[in-house]
Amino acid sequence: MTTDNQAWSREEFEAKLRGMEKCYHIHHPMHVLMNEGKLTKQQLQGWVANRFYYQVMIPIKDANIMANCPDRETRAKWVQRILDHDGHPGDPGGIEAWIQLGMAVGLTREEITSLEHVLPGVRFAVDAYVNFARRAEWHEAASSSLTELFAPKIHQQRLDNWPDVYPWVEQEGYTYFKKRLTEARRDVEHGLELTLDWYKTREQQERMLHILKFKLDVLWSMADAMYLAYVNDMPPYFNIEQ
C-alpha cells in the first residue's frame with residue numbers, strides 16, 4: 001500500500017501507464033468501425049490521407065526532442081526513430097510505406113503528399129503535439145511518445161482483419177503496419193526505461209500520466225475530426241454555402 005503522496009514503485013508506475021490504454025484511439029468509434037470493416041472506401045481513404053499528416057510530422061517531433069536533449073547516448077538511440085520514418089539507405093522508411101498504403105486504398109501519390117485532404121482538426125491536433133515536443137523539457141517530450149505501448153495491438157488488428165474486411169486493399173499497403181510491429185516494441189523499451197528512470201516522486205509520476213493523457217487526447221481528437229467529416233458527413237463548413 002502507498003499513501004496518497006508516496007511515490008509508486010517502478011512496477012506500480014508502469015502499471016498505471018499501461019492502464020491508460022483505456023483511452024487509446026483503438027476504442028474510438030472511427031477505429032471500431034474500421035476494425036469491423038464498416039468503413040466505406042471513401043471513409044478509409046479519408047483516414048489514410050489525414051493520418052499521413054501525423055506520419056510526416058513525427059520525425060519533426062523527434063528532431064525537436066533531440067535538439068533539446070543534451071545526453072549523447074539518448075540521442076544516439078532516439079535518432080533511429082527519425083531514420084525509421086524518413087528512411088535511409090536500404091529502407092525507404094515509414095513515410096514512404098504510408099504513401100504506399102494510400103495508393104493501396106486508391107489514392108494517388110500526389111493526393112497524399114499534397115495534404116489536400118487534411119482536416120483542420122487533424123492539423124491542429126498534430127501541430128499541438130509537435131509544439132509540445134518543441135517546448136517541453138526533453139524527458140517529458142520523450143515520454144509523451146509512450147502511446148507506443150498500445151500501438152502494436154492496433155497494427156496487428158489491421159493485419160489480421162483488413163485482408164478479410166477490405167479485400168480490395170492491395171497487399172503492398174500493409175508494409176507500414178508490419179514495420180511498426182517491431183519498431184514500436186523497440187521504441188517502447190527505450191522510452192519506458194527513460195520514463196521509469198526519470199519520474200521518481202508521486203507528483204512527477206502523476207505529471208507523466210497527464211502528459212500521456214495529452215498525447216492520447218491528440219490521437220482521439222484526430223479521430224473525432226475524421227469521424228465528424230467522413231462518418232457523420234459533416235466536414236468543415238458543411239452548413240455554409242461556399
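This one's a predicted model, so the numbers in the text were calculated from it and none came from an experiment.

Trainee: Just to check I follow, could you spell out the overall build of the protein for this structure?
Mentor: Secondary structure assignment for the protein yields 11 helices and zero strands. Seen in sequence order, the protein has helices and strands lined up from the N terminus as α-α-α-α-α-α-α-α-α-α-α. Over its C-alpha trace the protein gives a radius of gyration of 18 Å, about what one expects of a compact globule, namely 18 Å for 242 residues. C-alpha extents for the protein along the principal axes are approximately 55 × 45 × 35 Å. Counting all 242 residues of the protein, 50% fall into the buried class. In the protein, 79% of the contacts between residues at least 6 apart in sequence involve partners at least 24 apart. For the protein, the accessible surface area stands at approximately 11,900 Å², while carbon and sulfur atoms represent 52% of it. Computed over 28 positive and 35 negative side-chain charges, the inter-centroid distance for the protein is 2 Å.

Trainee: Just to check I follow, could you spell out the packing of aromatic side chains for this structure?
Mentor: Here the distance between the centres and the angle between the planes together describe a pair of aromatic rings. Applying the stated criterion across every chain, the model contains 13 aromatic pairs. A ring pair is formed by Tyr 24 and Phe 150, whose centres lie 5.4 Å apart and whose planes are at 55°; its orientation type is tilted. Of this pair, Tyr 24 sits in the loop between helix 1 (10-19) and helix 2 (29-35) while Phe 150 sits in the loop between helix 8 (138-143) and helix 9 (151-165), and the two are 126 residues apart along the sequence. Comparing Tyr 24 with Phe 150 shows no difference in burial state: the two are buried.

Trainee: Please explain the UniProt feature "domain: Thiaminase-2/PQQC" (unreviewed entry) in the protein as it appears in this structure.
Mentor: Sites flagged by UniProt as "domain: Thiaminase-2/PQQC" (unreviewed entry) map to residues 16-224. The span residues 16-224 is 74% helical and 0% strand by assignment, and the distance between its end C-alpha atoms comes to 25 Å.

Trainee: How do you make sense of the environment of Gly 94 when you look at a structure like this?
Mentor: Inspection of the secondary structure puts Gly 94 in helix 5 (residues 94-104). Through-space distance from the C-alpha of Gly 94 to that of Val 56 is 9.1 Å; in sequence the pair is 38 residues apart. Contact partners of Gly 94, with chain neighbours within four places excluded, come to Asp 84, His 85, Tyr 176 and Lys 179.

Trainee: Just to check I follow, could you spell out the packing of helix 3 (residues 41-68) against helix 11 (residues 202-231) for this structure?
Mentor: Helix packing for two helices is described by the angle between their axes and how far apart those axes are. Where helix 3 contacts helix 11, the axes come no closer than 10 Å and their chain directions differ by 145°. The interaxial crossing formed by helix 3 with helix 11 has right-handed handedness. From helix 3, Gln 43, Gly 46, Trp 47, Asn 50, Arg 51 and Tyr 54 reach across to helix 11, where they touch Lys 215, Leu 219, Met 222, Met 226, Tyr 230 and Val 231. When the residues that make up the contact of helix 3 with helix 11 are grouped by side-chain class, the tally is seven nonpolar, three polar and two charged.

Trainee: Would you mind going over the pattern of salt bridges with me for this structure?
Mentor: Tallied over the entire structure, the rule returns 17 salt bridges. A salt bridge links Asp 84 to Arg 186; the shortest N-O distance between them is 2.3 Å. Note that Asp 84 is positioned in helix 4 (residues 72-86) and Arg 186 in helix 10 (residues 175-198), a separation of 102 residues in sequence. Overall, Arg 186 belongs to the partly exposed group, its relative accessible area being 35%. We note a salt bridge from Glu 183 to Arg 180, for which the minimum N-O separation is 2.9 Å. Of this pair, Glu 183 and Arg 180 are both found in helix 10, three residues apart, which corresponds to roughly one turn of the helix. For Glu 183, a relative accessible area of 9% translates into the label buried. Salt bridges linked by common partners bring Arg 81, Asp 84, Asp 91, Glu 148, Lys 179, Arg 180, Glu 183, Arg 186 and Asp 187 together as one network.

Thresholds, definitions, all that
Residues numbered from 1 in each chain as written. Predicted model: local features only at pLDDT ≥ 70, side-chain atom pairs only at ≥ 80, totals over all residues. Heavy atoms only, no water. Helix = DSSP H or I, 4+ residues; strand = E, 2+ residues; numbered from the N terminus. Rg over C-alpha atoms; globule rule 2.2 N^0.38 Å. Buried < 20%, exposed > 50% of the residue type's maximum accessible area, 1.4 Å probe, protein only. Contact = heavy atoms within 4.5 Å. Areas by Shrake-Rupley, 256 points an atom, 1.4 Å probe, with all protein chains shown as cover. Lys, Arg positive; Asp, Glu negative; His and termini not counted. Charge placed at Lys NZ, Arg CZ, Asp CG, Glu CD. Phe/Tyr/Trp six-rings, centres within 6.5 Å; stacked < 30°, edge-to-face > 60°. UniProt positions renumbered as here; feature names shortened; annotations may be inferred. Axes fitted to C-alpha atoms, helices over the stretch in contact; angles between N-to-C directions. Left-handed = near helix turned anticlockwise from the far one by under 90°. Nonpolar A, V, L, I, M, F, W, Y, C, P; charged D, E, K, R; others polar. Salt bridge = Lys/Arg side-chain N within 4 Å of Asp/Glu carboxyl O.

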